[in-house]
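Summary of the model geometry
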Amino acid sequence: MAQVSNCNQESQPLFLPPCITDHISSAIRNKQQRMERTTEWIFSLEIPSDVTVHAAGVPFSLHKFPLVSKSGYMRHVVLESGEVEKTVIVLPDVPGGSEGFELAAKFCYGIHFDVTPDNAATVRCVAEYLDMTEKYAANNLVQRSETYINEVALKTLPAAIAVLHNCESFLPIAEKVKLVSRCIDAIAFLSCKESRGQVAAATPASMSPLTDHHVVDWWTEDLAALRIDIFQRVLVAMMSRGFKHAALGPILTLYAQKSLCCLDTYGTGARKIEPQLAQEKRVVVETVTGLLPREKNAVSASFISMLLRASILVETTVACRVDLERRMGSQLGRAVLDDVLIPTYDSSSVDTLFDVDTLQRMVSCHLEFELRGSCADREHVGKLLESCIAEISSDPNLSVAKFVTLAEIIPDHYKVTEDGVYRAVDIYLKAHPTLSDLERKKVCGVMNCQRLSKEACAHAAQNDRLPVHTVVQVLFYEQQRLQSVISDNLVLVEAPTGNACSCSIDNLSAALEVASFRRENEALKLENLRLKKRLEDLEKRELVRYSGSGSGSSPVRNSTTQSPDKPGFLQRRSYINSMSKRLRWFYPFAPIGPAPGSASTTIANPKTWNRPRRTRRHSLS
């Protein structure tokens, strides 16, 4: 049985294909070679070392022969050290530190290790640093790493991005061996290839300005981990390869959100940032702003608002800030309230909680784009600005001049009614109760009372914060509007119709509506009379106050009975004159003159005096 078994084992390879047998034999030989190398490494450790290498502070006790047989740098250092028993070599700036040098030392001793996208840049740079080229050994570490990078790493997009990300730590050497430029070119080529393939597979119905948004989602996360200067070079290479500018929006949005997440751009009040951090974020904001596509709606209004807040916070250049304000002005039709309310970050300015000047510049840019023919949702923008002004109006530090300027930046053709402006005026008057009558009149002057709705008019008629002049104006315009509505309804009611039934129904509804309008008109008339009475009382009080303050006279003295045909200052009588006029009637020889209290005070001729007639029939005289 043993012989049969041996025969079967010996005859079994005869039935296998030659390719399989060659693969098996090659694998067996490689395994034997690795075992021999490992044995040599273990055996060499038992031999006393003759060189000590300090790589980034970590000591390695090694042997000269394996190192000088593969590394030109080690050969040069050992030859310069001379014939000494123990050579000490210090490598403070070796690429990859102690881990990178350990990979090179393993290669010198013949120990196998795997090259991956995560360590390919380290292996290539440390091989260049130690001069491990074909000059000193065949198939050396430089050649091995180059073969892997060109044939494996740069063939896929994730591997190329990983190698490029690791190159950031070895930039002087990585640039020298042109590893960074090769990775950037590979990423640009592969990304454009992926983009064109996805767009070609998409149906025409699914095409949109941001069609490439779903194409780059799976590798945008990897690009967001790059340094800002490398990231900029990648995007420039992508655009030169034909990548759509509009498709850069999602990439820039994700990168900026990750890079600027440490900045509190939505908080109010002054913010203090460390100078080094501010400088880093300033470079990010300026670079991302310069890379923004010029196509309309390529990025969202919220993203531009976030960049603008960060630009103000880290104090970027004026050109960067102006560019963001213009972009924000062009997208007010897609913005919300939080996008246009920019906090005040300047610690030296405590005037307002929100940046009013930035808002005014954004609106000016929006109006400029509208004049150029850019279509916008005027009603949405008008409501947005009204809500923004109402929010800013509650700030107790907002001056009257700034409020008036803010309220006047909204064009009339952006407002359906004046209710939004009235709401902002009411909030401002409530937040500033110490305003004078002149200031309240200026604040109310930004409002067109003729365009208020019915509900706003009803509220304004009972609003004690408004000046009397504004309330009277509101009631006057409301009364005019009601009269015009009533006259129009009466014309409709009196107009003949062909169908008697429908005419009666229409007349009944119109009559009911007219009756309701009449009741409202009467109520408004009463309110108007009440306000007029209030104005008259105020005028009388002012007249009494003015009269009392001049010439030292008292109000009681000025309130004497006056003649309607003479001015007041001619009709005043002293107390003695008044008493003489009254006592004159008790004098028995007094002439018959006008009755007491009459306007005439002329004394009759003594010749015409007659005795008064008796008015009592049973008098004793």
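Residues numbered from 1 in each chain as written. Predicted model: local features only at pLDDT ≥ 70, side-chain atom pairs only at ≥ 80, totals over all residues. Heavy atoms only, no water.

As annotated in an unreviewed UniProt entry, the chain carries the name Phototropic-responsive NPH3 family protein and comes from Kalanchoe fedtschenkoi. As stated in UniProt under Pathway (unreviewed entry), the record for the chain gives "Protein modification; protein ubiquitination." The chain has a UniProt comment under Sequence similarities (unreviewed entry) that states "Belongs to the NPH3 family." (UniProt positions renumbered as here; feature names shortened; annotations may be inferred.)

Attention now goes to the environment of Ile 486. Note on placement: Ile 486 falls in helix H24 (residues 468-494). The exposure class assigned to Ile 486 is buried, which follows from its relative accessible area of 11%. Once the C-alpha coordinates of Ile 486 and Asn 521 are considered, the two residues, 35 residues apart in sequence, prove to be 9.7 Å apart. (Helix = DSSP H or I, 4+ residues; strand = E, 2+ residues; numbered from the N terminus. Buried < 20%, exposed > 50% of the residue type's maximum accessible area, 1.4 Å probe, protein only.)

This brings us to the sheet that holds strand S1 (residues 51-55). The strands that make up a sheet pair up through hydrogen bonds in the backbone, lying either parallel or antiparallel. Reading across from one edge, S2-S1-S3 is the order of the three strands in this open sheet, with mixed pairing throughout. The sheet is open, and its two borders are formed by strand S2 (58-62) and strand S3 (87-91), each paired with just one other strand. Neighbour-to-neighbour, the strand axes of this sheet turn through a mean angle of 20°, independent of strand direction. Pairing of S1 with S2, which is carried by five bridges, proceeds in the antiparallel orientation. Paired with Ala 55 across the bridge in S2 is Val 58. Sitting on the sheet, helix H5 (residues 97-108) touches S1, S2 and S3, and the angle it makes with S2 is about 10°. (Pairing = 2+ DSSP bridges. Axes fitted to C-alpha atoms, helices over the stretch in contact; angles between N-to-C directions. Contact = heavy atoms within 4.5 Å.)

Running from amino to carboxyl end, helix H21 (residues 419-431) crosses helix H23 (residues 454-461) at an angle of 25°, the nearest separation of the two axes being 10 Å. Of the possible angle classes, the one that applies to H21 and H23 is roughly parallel. Considering only the axes of H21 and H23, their crossing is left-handed. Taken together, the residues of H23 that come into contact with H21 (itself represented by Asp 419, Tyr 422 and Asp 426) are Ala 456, His 459 and Ala 460. Taken together, the residues that form the contact of H21 with H23 break down as three nonpolar, one polar and two charged. (Parallel < 35°, antiparallel > 145°, perpendicular 65-115°, else oblique. Left-handed = near helix turned anticlockwise from the far one by under 90°. Nonpolar A, V, L, I, M, F, W, Y, C, P; charged D, E, K, R; others polar.)

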